[in-house]
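# Close look at the chain arrangement
Each chain, written out:
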Amino acid sequence: MSAFDDDMIEAARKTFAGPITFLKSAPKLEHLPNPVVPEVAFAGRSNVGKSSLINALTNRNSLARTSNTPGRTQELNFFDVGEPLKFRLVDMPGYGFAKAPKDMVRQWRYLVNDFLRGRDVLKRALVLIDARHGIKEVDNDILDMLDTAAVSYRIVLTKADKIKATELADVFARTEAEARKRPAAHPDIIATSSEKGMGIPELRAAVLEAIG
Ligand SMILES: Nc1nc2c(ncn2[C@@H]2O[C@H](COP(=O)(O)OP(=O)(O)O)[C@@H](O)[C@H]2O)c(=O)[nH]1
Ligand SMILES: [Mg+2]
């Protein structure tokens, strides 16, 4: 069922088992690291499981902090992968939490939009969608920004362990159909569970594929 062959899966496993370190947080664009290697960014509404997924991918327990306090960080977090440096992962600020002040929403939009438009080394974004809900209204902002900026992206379902297999098959088909209508979206999506490890080897391979 996987679109990745064994060699790709194994190469990806090795890469993510190697050195990965937190580089820096950038609350503003002037704090971005120099664009010296390809980057893959993770986006999604707060609490979608972004930090957990980055931790699962990198086999580390607390590389990206998992927290239950949504929306506290309006920063781009950069992680260096490989020694010598091969590529970077970017943890983008979450969106869509209920109590966000208007200023914060505006700041989020500026930061994310400017980053997406101006970052030449950004090869792909992974947009995380909660498997229990599928794509919601609140996700359209980022999907539209990515389509408009022509930044290639792939939709990734999270927390797949929280629903039954039949429900997952349903939301998977529905979400993939939506992805196929969007100009900059990869036609294939990936279902993951950070808790159970489902889809993690494939997602690692998808990151390697994206950086080329
Ligand atoms: N059951 C289950 N819970 C998860 C999974 N991924 C994240 N969570 C939980 O969802 C909550 C939010 O996760 P977090 O990674 O902090 O989300 P973020 O705000 O998107 O970074 C935490 O309580 C996690 O333990 C998963 O794959 N399965
Ligand atoms: Mg987080």
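Overview of the structure. This one's a predicted model, so the numbers in the text were calculated from it and none came from an experiment.

A few words on the overall build of the protein chain. Across its full length, the protein chain carries 6 helices and 7 strands. For the protein chain, the sequential pattern of α-helices and β-strands runs α-β-β-α-β-β-α-β-α-β-α-β-α. Across its three principal axes, the protein chain shows a C-alpha extent of roughly 45 × 40 × 35 Å. For the protein chain, the proportion of its 212 residues judged to be buried stands at 41%. The long-range share in the protein chain, meaning contacts at least 24 apart out of those at least 6 apart in sequence, stands at 76%.

Moving on, we get to the nonpolar core. Phe42, Val127, Leu128 and Val156 are the most contacted members of the largest nonpolar core, which totals 56 residues. In terms of residue count, the dominant contributor to this core is helix H6 (residues 200-211) (7 residues). When near neighbours in sequence (up to four residues on either side) are disregarded, leucine 128 contacts Phe42, Ala43, Gly44, Val48, Gly49, Lys50, Leu53, Val156 and Thr158.

Take the site of ligand 1 next. Within the structure, ligand 1 sits among 20 residues, and Gly49, Lys50, Ser51, Ser52 and Glu195 are positioned closest to it. Of the residues in the shell around ligand 1, the class split is 2 nonpolar, 13 polar and 5 charged.

Before going further, it helps to spend a moment on the sheet that holds strand E4 (residues 87-91). With mixed pairing, the 7 strands of this open sheet are ordered in space as E1-E3-E4-E2-E5-E6-E7. Edge positions in the sheet fall to strand E1 (20-26) and strand E7 (190-191), since each of these pairs with one other strand and no more. Summarising the sheet, strand E5 (residues 122-130) and strand E6 (residues 153-158) pair through 6 bridges and their orientation is parallel. Pairing of leucine 128 across the sheet is with valine 156, part of E6. Lying on the sheet, helix H2 (residues 50-57) is in contact with strand E2 (39-44), E4, E5 and E6; it crosses E2 at an angle near 145°.

With that settled, consider the packing of helix H3 (residues 102-118) against helix H4 (residues 140-149). Packing of H3 against H4 brings their axes to within 9 Å, and their N-to-C directions diverge by 25°. Here H3 is positioned roughly parallel relative to H4, judged by the angle of their axes. Here H3 and H4 pass one another in a crossing that is right-handed. Within the contact between the two elements, H3 uses Val112, Asn113, Leu116 and Arg117 and H4 uses Met145, Leu146 and Ala149. Residues that form the contact of H3 with H4 fall into these classes: 5 nonpolar, 1 polar and 1 charged.

Residues Ile142, Leu143, Met145 and Leu146 constitute the buried set of H4. The buried residues of H4 occupy an angular sector of 160° when projected down its axis, which confines them to one face. Seen from the open side of H4, the exposed residues pointing more than 90 degrees away from its buried face are Asn140 and Asp144. Buried residues along H4 sit in contact with E2, H3, E5 and E6. Backbone geometry just after H4 places alanine 150 at a positive phi near 55°.

A separate point is the environment of asparagine 47. If you trace the backbone, asparagine 47 turns up in the loop between E2 and H2. The exposure class assigned to asparagine 47 is partly exposed, which follows from the 19 C-beta atoms found within 10 Å.

Of all 8 residues in H2, 6 are buried; the element is thus mostly enclosed. Taken together, the buried positions of H2 are Lys50, Ser51, Leu53, Ile54, Ala56 and Leu57. Contacts from the buried residues of H2 go to helix H1 (6-17), E2, E4, E5, E6 and H6. At the C-terminal side of H2, asparagine 59 shows a positive phi close to 60°.

Let us look at the packing of H1 against H6. The geometry of H1 relative to H6 is characterised by a closest axis approach of 8 Å and an angle of 85° between their N-to-C directions. The pairing of H1 with H6 is recorded here as roughly perpendicular in orientation. In this structure, H1 contributes Met8, Ile9, Ala11, Ala12, Arg13, Thr15 and Phe16 to the contact, and H6 contributes Pro201, Arg204, Ala205, Val207 and Leu208. In the contact of H1 with H6, the residues fall into 9 nonpolar, 1 polar and 2 charged.

Mapped onto the secondary structure, serine 62 falls in the loop between H2 and strand E3 (76-81). The sequence separation of serine 62 and serine 52 amounts to 10 residues, and the corresponding C-alpha distance is 8.5 Å.

Cut-offs and rules
Residues numbered from 1 in each chain as written. Chains lettered and ligands numbered in written order. Predicted model: local features only at pLDDT ≥ 70, side-chain atom pairs only at ≥ 80, totals over all residues. Helix = DSSP H or I, 4+ residues; strand = E, 2+ residues; numbered from the N terminus. Buried ≥ 20, exposed ≤ 12 C-beta atoms within 10 Å, placed from the backbone. Contact = placed C-beta atoms within 7 Å. Core = buried A, V, L, I, M, F, W, Y, C linked by C-beta atoms within 7 Å. Near = placed C-beta within 6 Å. Nonpolar A, V, L, I, M, F, W, Y, C, P; charged D, E, K, R; others polar. Pairing = 2+ DSSP bridges. Axes fitted to C-alpha atoms, helices over the stretch in contact; angles between N-to-C directions. Parallel < 35°, antiparallel > 145°, perpendicular 65-115°, else oblique. Left-handed = near helix turned anticlockwise from the far one by under 90°. Arc of directions from axis to C-beta.

The quantities given are spatial measurements derived from coordinates; they are silent on function.
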